[in-house]
Amino acid sequence: MSSNNDDNDIMVCCPACNQYVDISEINEHMDKCTKLEKTEVENQKSKNTPPSKAPPKKIVITAKNDFFTPKSEASSNPSQKSQLPLSIKREKRPLISSSSSSRPSKQIKTKADTMPLAARVRPSSFEEFIGQKEIVGNNGWLKELILRDKIPSMIMWGPSGVGKTTLAKIMAKLTKSIFKEYSGITHATADIKKAFDVARNEAALTGRRTIIFLDEIHRFNKAQQDLFLPYVESGGVTLIGATTENPSFKINSSLLSRCKVFTLNKLTIDEVQEILKRALDKIRKQNIPNVQSEESSTTLSENDDDIKVDEDVLKYLAVMSDGDARIALNALEIALNMKSKKHITKDDIEQVIQKSLLYDKDGEEHYNIISALHKSMRGSDANASLYWLGRMLTGGEDPLYIARRLIVFASEDVGLADNSALPLAIATYQACQFIGMPECEINLAHCVTYLAEAKKSVRSYKAYGLVKETIKEEYNYPVPHHMRNAPTNLMKNLGYSAGYKYNPDFEGSVHQEYLPKELKRKEFLDVFSPKKVDPETKYRESIKSEPGEQRIKTVPQMEQNVSTEIYEEIDFHYPFSGTHSHDITDNQ
């Protein structure tokens with residue numbers, strides 16, 4: 001209802017007589033004015049006098065708020081603005097100023113400002129690229145192929161942050177190829193088919209080769225991967241697939257046979273540290289004051305030279321990033337953004353980064369580490385066994401899975417040498433069910449240490465393996481008659497249980513055949529015997545036997561005693577106590 005009343009109060013200017021009339025009466029008023037104007041024109045024509053040229057009239061509807069009035073009209077005729085009544089109610093409302101001086105300055109960010117630091121300092125040539133010296137170093141054969149413009153289709157396999165995408169972009173730049181970047185997560189089959197069509201047209205028109213870089217190629221299913229087969233085989237496109245998973249399990253064998261697999265290793269501490277230094281140098285060179293806004297970010301664009309990061313801080317950050325340059329650069333950028341002063345300390349890094357744990361519960365690393373745990377216990381190395389146990393637990397592995405593996409180990413490797421190992425492993429599994437994480441890691445550490453230090457025997461394990469092999473290779477002979485029960489007269493008449501010697505009835509040993517007579521292999525237990533001798537063990541025993549000679553350090557001992565100052569500076573939590581919010585005592 002209020003809206004209707006407001007509409008009736010609006011006054012408009014008649015273009016004929018310049019009088020203000022209510023908007024509801026404007027049509028009738030204009031009809032009268034046009035009739036009067038026609039009569040005046042006719043009278044002037046009859047008198048042969050030209051009509052006076054009046055300025056063109058405009059229909060101006062004044063709103064109640066000057067915010068909707070065009071700025072040019074409002075400023076061009078201020079006197080007319082003061083004469084126009086707002087409404088018949090003559091309500092005075094405050095005007096909204098349109099001047100830019102009263103508004104806050106808007107922050108203008110360029111594309112470079114929003115890009116992460118890792119993208120801004122990405123190398124564009126081999127001279128800037130750090131790491132992977134085996135394949136792109138001075139004598140790297142992948143580098144030779146790139147410089148000769150002989151790039152094959154390839155799968156680059158390696159952990160995150162080691163330079164897979166960077167290498168692909170460098171290849172495209174040096175070979176002047178068309179570079180199309182896709183992701184196995186965000187792109188679909190239609191995008192790849194469109195890229196094939198564009199590549200075919202480019203090759204026909206310009207002769208330029210197209211490189212299709214597919215990140216996370218293992219995310220594509222078998223049908224999607226098969227799309228590349230004809231184009232890769234004919235050379236229509238050059239495929240560069242990047243994956244963190246084992247290509248043997250995640251890439252189709254048909255596509256794998258048409259591509260060369262390059263393994264990219266995790267970056268070393270020195271390499272990550274060098275990447276961080278190069279990033280800091282680029283930041284200092286690119287420090288240009290942003291004059292567009294007072295509120296713009298001044299962290300990486302401020303024109304000063306006080307960005308300072310000590311050598312030990314860079315080394316600490318390199319260790320905590322665990323060979324992932326992207327993690328290190330992102331942590332450095334966050335530390336710079338949160339500091340008003342540019343002196344980054346170790347405490348700043350601790351606030352923004354947590355040590356990266358390369359552990360995938362469903363990937364290859366899952367099987368690698370459980371294998372390392374099993375073999376360390378088999379080798380009676382309790383220290384290594386606890387380390388791999390800690391890697392699995394801190395990586396989020398299910399403790400019950402580890403406990404099940406310990407039960408298997410108790411019979412497979414410890415076996416008859418220590419019959420208490422199996423009950424302990426079963427009790428550990430039950431303890432993990434009752435207690436759960438994080439306390440049950442103590443039970444797992446207890447069992448792992450015991451199994452690692454226990455004596456080992458594979459008599460039953462090897463014997464049963466030989467049994468399965470014999471069953472597979474030989475005929476399944478029937479059970480001898482004297483070994484069969486005879487609960488009925490018919491079975492007795494058939495000779496079941498005839499000639500069987502009931503052992504408790506005899507004093508001493510009983511000579512009786514328990515296997516089929518036709519079976520070729522009669523012995524299974526203790527058939528296996530170790531035949532190899534570790535040359536290092538033989539050498540160490542010979543050193544011990546020589547009197548007065550100082551024992552020479554073996555290779556593992558020498559590696560263990562190598563000076564590693566960085567680990568003395570870092571306060572690594574013990575893997576079984578770092579996550580506890582309270583201490584576990586005997587009373588709890």
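Residues numbered from 1 in each chain as written. Predicted model: local features only at pLDDT ≥ 70, side-chain atom pairs only at ≥ 80, totals over all residues. Heavy atoms only, no water.

Counting its secondary structure elements, the protein contains 28 helices and nine strands. With 588 residues in all, the protein has 34% of them scored as buried. Of the contacts made within the protein by residues no fewer than 6 positions apart, 70% connect residues no fewer than 24 positions apart. Total accessible area on the protein is roughly 37900 Å²; 52% of this is exposed by carbon and sulfur atoms. (Helix = DSSP H or I, 4+ residues; strand = E, 2+ residues; numbered from the N terminus. Buried < 20%, exposed > 50% of the residue type's maximum accessible area, 1.4 Å probe, protein only. Contact = heavy atoms within 4.5 Å. Areas by Shrake-Rupley, 256 points an atom, 1.4 Å probe, with all protein chains shown as cover.)

A grouping of Val479, Met483, Tyr500, Tyr502 and Tyr514 is seen on the molecular surface, where their side chains present a nonpolar patch of about 480 Å² in accessible area. Turning to its location among the elements, Tyr500 is positioned in the loop between α25 (489-493) and α26 (535-545). (Patch = residues over 30% accessible without salt bridge, like charges linked within 9 Å, V, L, I, M, F, W, Y side chains within 5 Å. Salt bridge = Lys/Arg side-chain N within 4 Å of Asp/Glu carboxyl O.)

Once that is clear, we can look at the environment of Met392. Relative to the assigned elements, Met392 resides in helix α20 (residues 382-394). Spatially, the C-alpha atom of Met392 lies 8.6 Å from that of Ile402, the residues being 10 residues apart in sequence.

In the predicted model, the protein carries a mean pLDDT of 76, and 72% of its residues have values of at least 70. Element-level mean pLDDT values for the protein span from 38 in helix α28 (residues 565-569) up to 95 in helix α23 (residues 440-453). This model gives residues 61-106 a pLDDT under 50, and the stretch forms 30 contacts once residues within four places in sequence are excluded. Overall, residues 549-588 carries pLDDT values under 50, and its contacts beyond four positions in sequence, including any with other chains, amount to 50 contacts. (pLDDT = per-residue confidence, 0-100.)

For the rest of this paragraph, the subject is the packing of aromatic side chains. Summed over all chains, the structure comprises six aromatic pairs. Relative to Phe228, the ring of Phe196 has its centre 5.5 Å away and its plane inclined at 90 degrees; by these criteria the two rings are edge-to-face. Taken together, the residues span a long stretch of sequence, with Phe196 in helix α10 (residues 189-205) and Phe228 in the loop between α11 (222-226) and α12 (229-234) at a distance of 32 residues. On the numbers, 3.9 Å between centres and 20 degrees between planes, the contact of Phe196 with Tyr231 is stacked. Of this pair, Phe196 sits in helix α10 while Tyr231 sits in helix α12, placing them 35 residues apart in sequence. On the basis of relative accessibility, which here comes to 2%, the residue Phe196 falls in the buried class. Through pairs of rings, three or more aromatic residues link up here, namely Phe196, Phe228 and Tyr231. Seen from the ring of Tyr316, Lys346 lies directly overhead, with NZ or CZ sitting 5.0 Å from the centre. Stacked on the ring of Tyr496, the Lys or Arg Arg484 has its end atom at 4.9 Å from the ring centre. (Phe/Tyr/Trp six-rings, centres within 6.5 Å; stacked < 30°, edge-to-face > 60°. Lys NZ or Arg CZ within 6 Å of the ring centre and 35° of its normal.)

Structurally, Glu412 is set in helix α21 (residues 399-414). A relative accessible area of 15% means that Glu412 is categorised as buried. As for Glu412 and Val458, which are separated by 46 residues in sequence, their C-alpha atoms are 6.3 Å apart. Non-local contacts of Glu412, meaning those with residues more than four positions away in its chain, are made with His374, Arg378, Ser457, Val458 and Tyr461.

With that out of the way, let us pick up the state of the cysteines. Going through the model one piece at a time under the given rule, you end up with zero disulfides. Cys432 takes part in no disulfide bond, and the closest cysteine sulfur, belonging to Cys440, lies 4.1 Å away. Cys432 provides the cysteine sulfur closest to Cys447, a residue in no disulfide bond, and the two sulfurs are 8.8 Å apart. (Disulfide = S-S within 2.5 Å.)

Below, the discussion takes up the nonpolar core. Membership of the largest hydrophobic core comes to 50 residues, with the highest contact counts inside it found for Met156 and Met171. For this core, the leading source of residues is helix α17 (residues 325-337), giving seven residues. Viewed by domain, this core spans two of them, domain 1 (132-265) and domain 2 (267-286 + 306-358), each represented by three or more residues. Among the nonpolar cores identified, the runner-up in size contains 29 residues, and Ala382, Leu386, Val414 and Cys432 belong to it. (Core = buried A, V, L, I, M, F, W, Y, C linked by side-chain atoms within 4.5 Å. Domains from an automatic or database assignment.)

Spatial strand order, β4-β5-β6-β3-β7: five strands in an open sheet with parallel pairing. Strands with a single pairing partner mark the edges of an open sheet, and in this sheet they are β4 (178-183) and β7 (260-263). Across the sheet, the mean angle separating the axes of adjacent strands is 20 degrees when strand polarity is ignored. Sheet topology places strand β5 (residues 210-215) next to strand β6 (residues 238-243); five bridges connect them, and they run parallel. The residue of β6 that forms the bridge with Ile211 is Thr238. Docked against the sheet, α10 engages β4 and β5, running at close to 175 degrees with respect to β4. (Pairing = 2+ DSSP bridges. Axes fitted to C-alpha atoms, helices over the stretch in contact; angles between N-to-C directions.)

A word on the pairing of β4. Regular strands have side chains that alternate between both faces of the sheet. In this sheet, β5 lies alongside β4 in parallel orientation, the contact comprising six bridges. Bridge pairing in β5 links Lys180 to Ile212.

Close contact between α20 and α23 brings their axes to 9 Å; oriented N to C, the two are set at 150 degrees. By the angle class used here, α20 and α23 are roughly antiparallel. As for the relative orientation of α20 and α23, their crossing is right-handed in sense. Between α20 and α23, the residues in contact are Ala382, Ser385, Leu386, Leu389 and Leu393 and Glu441, Leu444, Ala445, Val448, Thr449, Ala452 and Glu453, respectively. Residues that form the contact of α20 with α23 fall into these classes: eight nonpolar, two polar and two charged. (Parallel < 35°, antiparallel > 145°, perpendicular 65-115°, else oblique. Left-handed = near helix turned anticlockwise from the far one by under 90°. Nonpolar A, V, L, I, M, F, W, Y, C, P; charged D, E, K, R; others polar.)

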